[in-house]
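What the coordinates show
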Amino acid sequence: MSIVTIDQVREHLRYDTEDNDPMLEMYIKAAENAVLNYVTDTFENNVYPDAVKHAVLLMVGMFDREREPSKESSIIDNYLPPAVRALLYPYRTPTAV
């Protein structure tokens, strides 16, 4: 079960057609994997808080906007962007080094 639906993604990105759905589905999977790899909490019955859903939508938007890597990319150094990390912070237990 996905964290967000294709309809939610289309609305978030303001797409009026289904022409980009195959690509958006790929972005959704990648964004959900990135988010779930970052958080340490588990969500009962796969019910995700709105902050987690919003983080996925932000990631999908970045994947859609930044299709080619560049020096100006907001996705750098293998870290999630600051806005996504801020949304997910309450659902992550920091690891001790």
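We now turn to the structure provided with this report. (Residues numbered from 1 in each chain as written. Predicted model: local features only at pLDDT ≥ 70, side-chain atom pairs only at ≥ 80, totals over all residues. Heavy atoms only, no water.)

1. Structural notes on the packing of aromatic side chains
- Within the structure shown, the criterion is met by 3 aromatic pairs.
- Between Y27 and F63, the ring centres sit 6.1 Å apart and the planes meet at 50°, which makes this aromatic pair tilted. Residue Y27 is found in helix 2 (residues 21-38), and its partner F63 is found in helix 3 (residues 50-65); the two are separated by 36 residues along the sequence. Across this residue pair, the class does not change: Y27 and F63 are buried.
- Summarising the aromatic geometry, the rings of F43 and Y48 are spaced 5.2 Å apart at their centres and angled 55° between planes, so their arrangement reads as tilted.
- Overall, Y48 belongs to the buried group, its relative accessible area being 11%.
- The structure contains a cluster of three or more aromatic residues connected by ring pairs, namely F43, Y48 and Y91.
- Just above the ring of Y38 sits the side chain of R92; from NZ or CZ to the centre is 4.3 Å. (Phe/Tyr/Trp six-rings, centres within 6.5 Å; stacked < 30°, edge-to-face > 60°. Helix = DSSP H or I, 4+ residues; strand = E, 2+ residues; numbered from the N terminus. Buried < 20%, exposed > 50% of the residue type's maximum accessible area, 1.4 Å probe, protein only. Lys NZ or Arg CZ within 6 Å of the ring centre and 35° of its normal.)

2. Thoughts on the pattern of salt bridges
- Under the counting rule described, the total for this entry stands at 3 salt bridges.
- Notably, a salt bridge pairs R10 with D7, separated by 2.8 Å at the nearest N-O pair. Here R10 and its partner D7 are both found in helix 1 (residues 6-13), 3 residues apart, which amounts to about one turn of the helix.
- A salt bridge links R10 to D21; its shortest N-O distance comes to 2.8 Å. One end of the pair, R10, is in helix 1; the other, D21, is in helix 2, with 11 residues separating them in the sequence.
- What makes D21 buried here is its relative accessible area of 13%.
- Ionic contacts of the salt-bridge type, sharing partners, join the residues D7, R10 and D21 into one network. (Salt bridge = Lys/Arg side-chain N within 4 Å of Asp/Glu carboxyl O.)

Honestly, that's just the spatial picture; any functional story needs more than this.
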